[in-house]
Amino acid sequence: SSPKPKKLSYKETLEWDGMDEAILKAEEVLDEAKVRLADPTIAANATKLQERMKEVDVAQAEVDRLYARWAELEEKQSLS
């Protein structure tokens, strides 16, 4: 017999409850980083361009991480 799937812990439930807001905030940060990257005044400045590209990469990684965690919590919740 396989072990019974666990329900969300208290901490995970709190995380789940705040996930929508966290994702929205992370997406806003990503959008703002993309706007800063598109600033034509930095197009000729390689250093600034690289800094802003890194900001976009970091923001995108956070959005991706939050969506992956959301999917993980959703799956765990649906199994219980």
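Here's what I pulled together on the structure shown here. None of the values given here were measured: they were computed from a predicted structure. (Residues numbered from 1 in each chain as written. Predicted model: local features only at pLDDT ≥ 70, side-chain atom pairs only at ≥ 80, totals over all residues. Heavy atoms only, no water.)

**Some words on the overall build of the chain**
Stage number 1. Counting its regular elements, the chain contains 2 helices and 0 strands.
Stage number 2. Over its C-alpha atoms the chain spans a radius of gyration of 18 Å, topping by over 25% the 12 Å that the globule rule assigns to 80 residues.
Stage number 3. Once the C-alpha set of the chain is aligned to its principal axes, its extents read approximately 65 × 25 × 15 Å.
Stage number 4. Put simply, the chain has 80 residues, and 19% of those count as buried.
Stage number 5. A sequence separation of at least 24 residues applies to 69% of the contacts in the chain between residues at least 6 apart.
Stage number 6. Accessible surface, the chain: about 6,200 Å² in total, of which carbon and sulfur atoms supply 57%. (Helix = DSSP H or I, 4+ residues; strand = E, 2+ residues; numbered from the N terminus. Rg over C-alpha atoms; globule rule 2.2 N^0.38 Å. Buried < 20%, exposed > 50% of the residue type's maximum accessible area, 1.4 Å probe, protein only. Contact = heavy atoms within 4.5 Å. Areas by Shrake-Rupley, 256 points an atom, 1.4 Å probe, with all protein chains shown as cover.)

**Quick notes on helix α2 (residues 46-79)**
Stage number 1. An ideal rise of 1.5 Å per residue puts 50 Å on 34 residues; α2 measures up with 49 Å between its terminal C-alpha atoms.
Stage number 2. Arg52, Val56, Ala59, Val63, Leu66, Arg69 and Leu73 are the residues of α2 that are buried.
Stage number 3. The inward-facing, buried residues of α2 abut α1 (10-37).
Stage number 4. Capping the start of α2 is the job of one residue whose side-chain oxygen sits 3.2 Å from the backbone nitrogen of Thr47: Asn45. (Expected span 1.5 Å × (residues − 1). Polar contact = N/O pair within 3.5 Å; in protein donor to acceptor, adjacent residues only side chain to side chain.)

Keep in mind that these numbers describe shape and distance, not what the molecule does.
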